[in-house]
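# A look at the structure
Listed below, chain by chain, are the residues.
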Amino acid sequence: MSQHGVGPRAVTRSVAFLTAGVLAVPALAGCGSEDPSGKPLAGQDIQPAPRDRITDGGTLRWAVDSVPDTLNTFQSDADATTTRVAQAVLPSMFRMDASGRPERNADYLESAKVVDTEPKQVVLYKLNQQAVWSDGREIGAADFAAQWRALSGKDTAYWTARNAGYDRIQKIERGDNALEVRVTFARPYADWRSLFSPLYPKDVMGTPDSFNDGARKKLKITAGPFKVKKTDREDGEITLDRNPRWWGEPAKLSQIVLRTVPRDKRAAELAAGTLDLAEIDPAAARRITVAARPHPSGSPLMGPGADRSAADALESWAVANGSDEEAADEETVARGKLRKATAKYARQQQALGGFEVRKSLEPAYTQLALNGAEGPLTDERVRRAVARALDREELAEVVLKPLGLPTVPVGSHLALSGQAHYADNSGALGGQDTKEAQALLADAGWVRGGPVEEKKKDKEKAAGPEGGKADGGGDDEGNDDSKAHDPAGHLAQDGRQYQAPHQGGAPGAYAPRGTAAPAKQEAAAPLAKNGKPLTLRFVLPSGPGSKTLRTVADRISRMLERVGIGTEISKVSDESYFKDHIASGQYDLALYSWPATAYPATDARPVYSKPVPAADGSLNVEQNYTRVGTDQVDQLFDQAVATLDEGESRSLIRKADSRIWAAAGSIPLFQRPQLLAARKNLVNAGAFGFGTPVYEDMGFLKKGAKPASGPSAKGSPAR
């Protein structure tokens, strides 16, 4: 799942129960008749419009974080741009609807269903008879079989990132005709819809050499509304052209150019007219919102010199006109630079008036991770005390309320509201309760005012290499102009693994500018045990895109202080945050994000499975960076992925989530905001939320035409 800013595939714990009867797991949501999955907290915001109102032609310039190292989504260095290209140019048997649930992609599939369960599970795919590759060859069983062999894990010559699901297939063969593909599974697989999305041609998957190298820099053969024309790493662009062999609704755009633009440069690039669509941070969103007002350049609260008071201006004038010639010259130069910067800002604001902010919630959530491998957090009572000290509603409000987005805390580790597997299982752990948190700590032996060994306080202590100043969380981060952007989700349909940080800083929260500090509350006396104070290392990324993340960490530190838990904040570089700290276990507390998935039995298991010792004596944690797991959770995942009854599988996933909550290895906080700047006449594009973009429907309105109302011009509406 993800740190973007730092991020698993689109990115995806011990002693859960103590002893029987001590920690009761409440009745699971979903056991009654009412569907606990609910609805998405926010719908798509894509300016929907019917195709007959859209101009034929035009180029969409879309900002991305990078030109990817590979165009093969099944390789470990695939990233969010890899997925974006694959969605536009390759077949996908299933896509995500606006509620984050898989739906059949009719452009490729007439139908797909389980036709046999005994003695083996058999899925029959009936392909769209018009579906062909760009070289004219029909999409068929040979492509399915080549992808299965490449991803099955049996041939180590294929440099694959993962083989989940494909390793359960026994054979693939043609059905009664060339349009039918029969997939027989050696073991039952509930998440079979996650497979073959995307589907690569046999020319890519057929041999290890073609798989490993053939699709890294180019895709010669495609089968989507667009095709890859050019990948230019020097200029940081990928150009997609309309595919003349596409059999579906013709793409409205003639071209899509994916341009690498750093996040802190995007507002300027939008104003310069070199972008039409870009994911942005809250600061840029504020600029665009202000620009839409009648007199955007007159706002005294934004732009160069906005923080200068009347007294500052008067002092500047006095110095510039004073008797000290050297100081006057310097001040005159400074005033001239300020005038130029102000004029430039005003021109940019005028240009930004042609854009609007489209907002939703990302299919990803921010969590507080608790490292259960060492230190005080090895004790599940201390982990649960940390969780009970948190006011998750307050944290959600800090980040989402100023953006006008729903402030509902996430209630599941394994799905988000609206998805089929979602249920609010947080009751298995319980909500904010200071007295209960203090009681848990007392039970664990942490006493107020206990003796503490004399030790010189090291203000520069770090949680590993590149540690920054440990300041206890005193940043004034509410005035951040940057954003922490998380990796695009590593979902089963993406075929991607956990990724390194994307441009823009760390994941997690986007606390807005101007957020008020919480009212002061009396801190509890510090706790101690065996001569040591209860102080936790809170590791955070230090980059400019991570300031808002640190605001959330500061709120959490204050909440923990109220129950007697101290925090020592260590700021580390964005580049080392995951590799050197989270993945290696050099932290007690950390904030990062995971993407949602429609296939939690497959994608979430490596995130929550119990770590096991490796042959060399190290601990194999897969993606479980909290190092907290239980055999029972593993068993529930195994049962869910092998159960073909969808209702039973969902119930098992919800049970697993309740037990993950009870173990308190990670605490979901809130769904992440999704902010995009879009040219006002751009339609069917923007904040897609859960839904897979429909690339052929994107375009620019005809002159005088108006957009329609509703969540999507083609996709499924939110339930």
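Residues numbered from 1 in each chain as written. Predicted model: local features only at pLDDT ≥ 70, side-chain atom pairs only at ≥ 80, totals over all residues. Heavy atoms only, no water.

## Focus on the overall build of the chain
Of the regular secondary structure elements, the chain holds 17 helices and 23 strands. Buried positions account for 56% of the 719 residues belonging to the chain. Total accessible area computed for the chain in this model is approximately 28700 Å², and 48% of it derives from carbon and sulfur atoms. (Helix = DSSP H or I, 4+ residues; strand = E, 2+ residues; numbered from the N terminus. Buried < 20%, exposed > 50% of the residue type's maximum accessible area, 1.4 Å probe, protein only. Areas by Shrake-Rupley, 256 points an atom, 1.4 Å probe, with all protein chains shown as cover.)

## Some words on the sheet that holds strand S5 (residues 122–127)
An order of S4-S5-S7-S6 is seen for the four strands of this open sheet, with the pairing classed as antiparallel. Each edge of the sheet is formed by a strand with only one pairing partner; in this case those strands are strand S4 (109–116) and strand S6 (169–174). When strand polarity is set aside, the average angle formed by the axes of neighbouring strands in this sheet is 15°. Here S5 pairs with strand S7 (residues 180–185) via five bridges, running antiparallel. The residue bridging tyrosine 125 from the neighbouring strand is valine 181, located in S7. Where helix H2 (residues 141–151) meets the sheet, it contacts S5, S6 and S7, and its direction lies at approximately 160° from that of S6. (Pairing = 2+ DSSP bridges. Axes fitted to C-alpha atoms, helices over the stretch in contact; angles between N-to-C directions. Contact = heavy atoms within 4.5 Å.)

## A closer look at the packing of helix H10 (residues 392–400) against helix H12 (residues 547–561)
The description of two packed helices rests on the angle between their axes and on the distance between the axes. Contact pair H10 / H12: the axes reach a minimum separation of 10 Å and the direction vectors enclose 155°. Compared by their axis directions, H10 and H12 come out roughly antiparallel. Of the two possible hands of crossing, H10 and H12 adopt the one that is right-handed. Residues Glu394, Leu395, Val398 and Val399 of H10 pack against Val552, Arg555, Ile556 and Met559 of H12. Partitioned by chemical class, the residues of the contact of H10 with H12 number six nonpolar, no polar and two charged. (Parallel < 35°, antiparallel > 145°, perpendicular 65-115°, else oblique. Left-handed = near helix turned anticlockwise from the far one by under 90°. Nonpolar A, V, L, I, M, F, W, Y, C, P; charged D, E, K, R; others polar.)

## Notes on the packing of aromatic side chains
Within this structure, the stated rule accounts for 21 aromatic pairs. On the basis of an interplanar angle of 85° and a centroid distance of 5.5 Å, the ring pair of tyrosine 108 and tryptophan 247 is categorised as edge-to-face. Here tryptophan 247 lies in the loop between strand S9 (237–242) and strand S10 (255–260) and tyrosine 108 lies in the loop between strand S3 (102–104) and S4, a separation of 139 residues in the sequence. An aromatic cluster is defined as three or more aromatic residues linked by ring pairs; in this entry it consists of Phe74, Phe94, Tyr125, Phe144, Tyr166, Trp192, Phe196 and Tyr200. (Phe/Tyr/Trp six-rings, centres within 6.5 Å; stacked < 30°, edge-to-face > 60°.)

## As for the confidence of the model for the chain
When pLDDT is averaged along the chain, the result is 84, and 80% of the positions lie at 70 or above. Contacts of residues 469–518 to residues separated by more than four positions or lying in other chains number 259 contacts, the stretch itself having pLDDT below 50. (pLDDT = per-residue confidence, 0-100.)

## Quick word on helix H11 (residues 434–443)
For H11, the full list of buried residues reads Ala437, Leu440 and Leu441. In a view along the axis of H11, the buried residues occupy a sector of 100°, so they form one face of it. Facing away from the buried side of H11 by more than 90 degrees, the exposed set consists of Lys435 and Asp443. Considering only its buried residues, H11 is in contact with helix H9 (380–389) and strand S14 (527–529). One side-chain oxygen at the N-terminal end of H11 lies 3.2 Å from the backbone nitrogen of lysine 435; it belongs to aspartate 433. Following H11 by one or two positions, glycine 445 adopts a phi angle in the positive range, close to 95°. (Arc of directions from axis to C-beta. Polar contact = N/O pair within 3.5 Å; in protein donor to acceptor, adjacent residues only side chain to side chain.)

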